[in-house]
Amino acid sequence: MPVVVVESPAKAKTINKYLGSDYTVLASYGHVRDLPAKDGSVDTDNEFAMTWEVGRDSAKHVRAIADALKDDNNLILATDPDREGEAISWHLEEALRKRRAVKKDTPVSRVVFNAITKSAVTEAMQNPRDVDSDLVEAYLARRALDYLVGFNLSPVLWRKLPGARSAGRVQSVCLRLIVEREEEIEAFNAREYWSVKALLQTPRGQEFEARLTVLGGQKLDRYDLENETAAELAVQAISSRDLSVQSVEAKPATRNPSPPFMTSTLQQEASRKFGFGARQTMSTAQRLYEAGYITYMRTDGIDMAPEAVSAARDAISDRYGKEFIPAKPRIYKNKAKNAQEAHECIRPTDMTVSGSDLAKLEPDQRKLYDLIWKRTLASQMESAKFERTSVDVGSDDGQVVLRATGQVVVFEGFLKVYEEGRDDQVVDEDDKRLPQIMEGEAAKKTGITPEQHHTQPPPRYTEATLVKRMEELGIGRPSTYASVITTIQDREYVRKDKNRLFPEDKGRIVTIFLMNFFRQYVGYEFTANLEEELDEISAGDMDYKEVLARFWRDFSAAIAETSELRISEVLDKLDAALAPQLYPPREDGSDPRICPKCGTGQLHLKTSRTGGFVGCGNYPECNYTRPIAGEGAEGDERLLGEDNGDEIWLKAGRFGPYVQRGEPTPENKKPPRASLPKGWSKDDITLEKALILLSLPRIVGEHPDGGEVKSNFGRFGPYIMHQAEGEAKPVYVNLKDPADVFEIGMNRAVEMLAEKRANPGGRGRTAAKPLKELGEHPEDGGPVNVMEGRYGPYVKWEKVNATIPKDVEPADVTMEMAVGWIAEKAAKKKPARKKAATKKKAAPKKKAS
């Protein structure tokens, strides 16, 4: 039986179903080799020769493939149809040749299919080819570049900027986008302007709204009404005049559907409609692809196979009627100029199957499939038709004109199935429907309203809009978007809050450093040009070693030059570069570089393991610090007042805001401090509240059995504690409400402590309620649930508890993911028991003999 190798077990299972018992289908579990994370893995002095290493986890999978080849000397490589898939096939063949599992006479062929369907797999098996050396060389160039940048630039960051984690060829450019957007927001000055709207009534009593467009006979621009006074004058001008309908104009309009999905647009739309992150979208799409429901999900292409177009048109006709099909099929042409554009768009493999037909799928898979299905069908449907109406209402003297707009849908077209989301929701006044309005008739004023507006700064990126911007600039590729965005969050350079991406101080410092010392390598044009060169390599139009040699010549010189700089020199340069942001003018006109605490020290940029901050030059006499975001920003110190001669401060530390009595001195190196409880805002902290926190632990009272009962805040939240005579350690009871720390009385405290002593392990209570019930284990039966544990959420099945990875939300866990983790955990347990048993038996025998 020929041995067919794919990346994942799920894909292997689906393909095995189509190929039958004549083939052995095995999984490589992704990449089997990589460059070791050590110096010399890419030999820059020897034509960029690369040293590869089979990963520890991959060795057993390579061994399983080698064992299978002993029974049948025929290898078919069926990995994904892109640059990464080609690389995995090449690595597998190379690794197997090194093991001599693939011999000189072993037939090795490469097959590719864009969808895992019976027809696609069968056709691929009938059209084998060799591994594409051009695609492999493009992969080698990309991997070598990423290694050379990461392995050489990251140590420079570690030495010059304590706390910096890493730099990367694409990740650093992506980070720059987020940092520069934040700087735009901080530099933005809002501009005030006003508009005036009137609620008007037709002679038939129907109301409609119109916006002032002409005042004093002049057309109004956006900022012409710049304050309230101007707006009130405009209101008076309207109020003092009779109005009539001057013109009614109706025009037909059409709207065409969006093209079918490619990787970037799928990530954007899944973010807009479902709040999915890029990684979640791709992992969900991967499962749909491996199960045979959609075509390959990493693509720059928007074209569709002719047979798929015909199938889509047939499905539209059957479901919605022939009037929804255009006379000719819609043809979408790819804009991307790279090798991956040969792939089709992302579409369903069966156009007749909608999301509602796939009830057995996990909810997130079903939602994403439904989105892909709707977008695909909509892309081949008739345009939507509208009638747009504009009505001008004005005074006879021409001094005042107001405009009302509206539209009605004449024919739904593709909107019957799907409408694309928007990144920033804007109310479209054209969407309103106007009543019957006739030219020349009077318009009665029932209300005139001036509205104040302020210009808005550019919005922070979401993962979706960031992918869109990266795509526009030509940075990264479909296979890298999700991993790059995940990496900058994992490195704590960026945080995601309410779906928006905020740069951390650490990320800002790294970006400013790179912009000052490695500007070329975080340049948008340079990075995009490098991507184009990689595409030319994959097309066979460029030598990858020449690209690497040219890059390394300049990059190694920049590394050498920067390595000689002292940290103080780096900080001085960054301090100067960040000066407008770090030291903006103060309202009182005083020098923004003078320390606000001691009044004499100069403020300077400093670094720590947690990022950058501004500190006083008089340290250690003055220990004033604040974040680089500026005075008054999150993390700035605030003097709350004095108590018994001590200054009481509100400060911000690595783990959040806290209050502190006094400052460290040689005699008192650790002055009393207390963290703000959960739910307490730093903006609401007063001297009185700070003193309450600093007075903790609170003595609730004397326990009847002796000893004090105390309340306080701990690592796991609010609690009470008591240690009776003879007890080895205190008894702790968690409190649900933080306010109980200050309010709980002795009766309730004694009762709660008695309950805890009677039931110390919590036995006898009702079983913990699952966070999510996934259903019965598909192979072995028994409920599989997502549970909340003391050390984080986990998956439970029978006696197996498998921890959920930190980057996965409990709500997003699917049965497929859970079964994988359970199998992994169970496999880890079994060998451990076997080894222990062997040792126990073997050791006594040797000693006895």
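None of these values were measured; they are calculated from a predicted model.

J.: When you look at the overall build of the protein in this model, what are you seeing that I'm missing?
T.: Within the protein, the regular secondary structure consists of 21 helices and 32 strands. For the C-alpha atoms alone, the extent of the protein along its principal axes is close to 110 × 90 × 65 Å. Looking at the 849 residues of the protein, the share that counts as buried comes to 47%. Looking at the protein alone, contacts between residues at least 24 apart form 66% of all its contacts between residues at least 6 apart.

J.: So what exactly am I meant to see when it comes to the confidence of the model for the protein here?
T.: Predicted coordinates in areas of low pLDDT are best not read in detail. Across the protein, pLDDT averages 87, with 92% of residues at or above 70. Every residue in residues 831-849 is under pLDDT 50, and counting partners more than four places away or in other chains gives 1 contact.

J.: Mind showing me how you'd approach the environment of D43 here?
T.: Along the chain, D43 falls in strand β4 (residues 42-43). Judged by its relative accessible area of 29%, D43 falls in the partly exposed class. The spatial distance from the C-alpha of D43 to the C-alpha of A144 is 9.7 Å, given a sequence separation of 101 residues. Beyond its immediate chain neighbours, meaning those up to four positions away, D43 contacts F48 and A49.

J.: What should I look at first to understand the packing of aromatic side chains in this one?
T.: For any pair of aromatic rings, the description consists of the separation of the ring centres together with the inter-plane angle of the planes. Tallied over the full model, the rule gives 21 aromatic pairs. The interplanar angle of 20° and the centroid separation of 6.2 Å between the aromatic rings of W52 and Y139 together place this pair among those described as stacked. With a gap of 87 residues between them, W52 in the loop between β5 (49-50) and β6 (53-54) and Y139 in helix α5 (residues 133-160) connect regions that are remote in the sequence. Judged by centre distance (6.3 Å) and plane angle (50°), the rings of W552 and F555 are tilted. Residue W552 and its partner F555 are both found in helix α16 (residues 544-563); the two are separated by 3 residues, about one turn of the helix. Note on accessibility: W552 and F555 belong to one class, buried. Grouping aromatic residues by their ring pairs yields a cluster made of F513, F517, F518, Y521, F526, F551, W552 and F555. Of note, R33 hangs over the ring of W90, and the distance from its end group to the ring centre comes to 5.4 Å. Directly above the ring of Y223 sits R191, whose terminal nitrogen or CZ lies 4.0 Å from the centroid.

J.: Just to check I follow, could you spell out the sheet that holds strand β31 (residues 792-797) for this structure?
T.: The pairing of strands in a sheet comes from backbone hydrogen bonds and takes either a parallel or an antiparallel form. With respect to topology, 4 strands assemble into an open sheet ordered β29-β30-β31-β32, the strand pairing being antiparallel. Here the strands that pair on one side only, and so sit at the sheet edges, are β29 (772-776) and β32 (800-803). Adjacent strand axes in the sheet meet at a mean angle of 25° when their direction is disregarded. Sheet topology note: the β31/β32 ladder contains 4 bridges and is antiparallel. Residue pairing in the sheet places Y794 in a bridge with T803 of β32.

J.: Just checking my understanding: could you explain unusual backbone geometry for this structure?
T.: A negative phi angle is the norm for most residues apart from glycine, just as the trans form is the norm for most peptide bonds. Between L696 and P697 the backbone carries a cis peptide bond, its omega angle lying at 0°. Position of P697 relative to the elements: it lies in the loop between α18 (687-694) and β25 (698-702). Positive phi, close to 50°, is recorded for N644, a residue that is not glycine. Mapping N644 onto the fold places it in the loop between β21 (638-643) and β22 (646-653). Exposure remark for N644: the relative accessible area of 71% places this residue in the exposed category.

J.: Mind showing me how you'd approach the sheet that holds strand β1 (residues 3-6) here?
T.: With respect to topology, 4 strands assemble into an open sheet ordered β2-β1-β7-β8, the strand pairing being parallel. Every interior strand has two partners, whereas the edge strands, β2 (24-27) and β8 (108-110), have only one. The average undirected angle you get between the axes of adjacent strands in this sheet is 25°. Bridging between β1 and strand β7 (residues 75-77) involves 3 bridges; their strand directions are parallel. From the neighbouring strand, V4 faces β7, where its bridge partner is I76. Of the strands in this sheet, β1, β2 and β7 are in contact with helix α2 (residues 56-71), which crosses β2 at around 165°.

J.: I tried to follow the state of the cysteines on my own but got confused; where do I start?
T.: Two cysteines form a disulfide when their sulfur atoms are joined by a covalent bond. This model, assessed by the stated rule, comprises 0 disulfides. No disulfide involves C598; its sulfur sits 3.7 Å from the nearest other cysteine sulfur, which is in C616.

J.: Is there a simple way to think about the pattern of salt bridges in this case?
T.: Opposite charge on two side chains permits them to pair, given that their charged atoms come into close proximity. The tally for this structure, following the rule as stated, stands at 44 salt bridges. In this structure, D146 and R169 form a salt bridge, with 2.8 Å as the shortest nitrogen-oxygen distance. Taken together, the residues span a long stretch of sequence, with D146 in helix α5 and R169 in the loop between α5 and α6 (171-187) at a distance of 23 residues. Residue D146 is classed as partly exposed on the basis of its relative accessible area, which comes to 31%. Here R204 and E441 are joined by a salt bridge, their closest N and O atoms 2.9 Å apart.

J.: Where do I start with empty space enclosed by the protein in this structure?
T.: Here the idea is plain: a probe the size of a water molecule rolls over the atoms and shows the empty space left. Enumeration according to the criterion identifies 4 cavities of 30 Å³ or more in this entry. In this model, the largest cavity occupies a volume close to 70 Å³. In terms of lining, the largest cavity is formed by V149, L153, G168, R169, S172, L514, F518, Y521, V522, F526 and F551. For the lining of the largest cavity, a count of residues per class yields 8 nonpolar, 2 polar and 1 charged.

J.: Which parts of the structure should I look at to understand the pairing of β29?
T.: Regular strands place side chains that alternate from one sheet face to the opposite one. Strand direction decides the pairing type here: β29 and strand β30 (residues 783-789), joined by 4 bridges, are antiparallel. Of the residues in β30, the one forming a bridge with K772 is V786.

J.: I'm lost on the environment of Y293 in this one. Help?
T.: Relative to the helices and strands, Y293 is located in the loop between α9 (278-290) and α10 (306-320). On a C-alpha basis, the gap between Y293 and V510 in space is 42 Å, while along the polypeptide they are 217 residues apart.

J.: Sorry, what's going on with the nonpolar core here?
T.: Counting residues in each nonpolar core, the largest one holds 78 residues, and the members touching the most others are L466, M470, F513, F518, F555 and L574. Ranked by residue count, the leading element in this core is α5, at 13 residues. If near-sequence neighbours (up to four positions away) are discounted, L466 is found in contact with C174, L177, I178, Y461, I485 and L501. Formed by 58 residues, the second largest nonpolar core is a distinct cluster that contains A120, V121, L266 and I316.

J.: Would you mind going over helix α3 (residues 83-98) with me for this structure?
T.: Count 3.6 residues to each turn of an α-helix, and residues three or four apart come out pointing the same way. The first and last C-alpha atoms of α3 sit 23 Å apart over 16 residues, in line with the 22 Å expected at 1.5 Å per residue. Taking burial as the measure, the 16 residues of α3 include 12 buried ones, the bulk of the element. Of the positions making up α3, those classed as buried are R83, G85, E86, A87, I88, S89, W90, H91, L92, E93, A95 and L96.

J.: Explain the side chain of Q268 to me, please; I cannot follow it from the model alone.
T.: Relative to the helices and strands, Q268 resides in helix α8 (residues 263-274). Q268 sits in the buried class, given a relative accessible area of 4%. Ignoring anything within four residues of it in the chain, the contact list for Q268 reads A464, V467, K468 and E471.

Criteria and thresholds
- Residues numbered from 1 in each chain as written.
- Predicted model: local features only at pLDDT ≥ 70, side-chain atom pairs only at ≥ 80, totals over all residues.
- Heavy atoms only, no water.
- Helix = DSSP H or I, 4+ residues; strand = E, 2+ residues; numbered from the N terminus.
- Buried < 20%, exposed > 50% of the residue type's maximum accessible area, 1.4 Å probe, protein only.
- Contact = heavy atoms within 4.5 Å.
- pLDDT = per-residue confidence, 0-100.
- Phe/Tyr/Trp six-rings, centres within 6.5 Å; stacked < 30°, edge-to-face > 60°.
- Lys NZ or Arg CZ within 6 Å of the ring centre and 35° of its normal.
- Pairing = 2+ DSSP bridges.
- Axes fitted to C-alpha atoms, helices over the stretch in contact; angles between N-to-C directions.
- Disulfide = S-S within 2.5 Å.
- Salt bridge = Lys/Arg side-chain N within 4 Å of Asp/Glu carboxyl O.
- 1 Å grid on protein atoms, 1.4 Å probe; cavity = no way out; pocket = protein on both sides within 12 Å on 5 of 7 lines; lining within 4 Å.
- Points joined across faces, edges and corners; volume = space filled by probe spheres on them.
- Nonpolar A, V, L, I, M, F, W, Y, C, P; charged D, E, K, R; others polar.
- Core = buried A, V, L, I, M, F, W, Y, C linked by side-chain atoms within 4.5 Å.
- Expected span 1.5 Å × (residues − 1).

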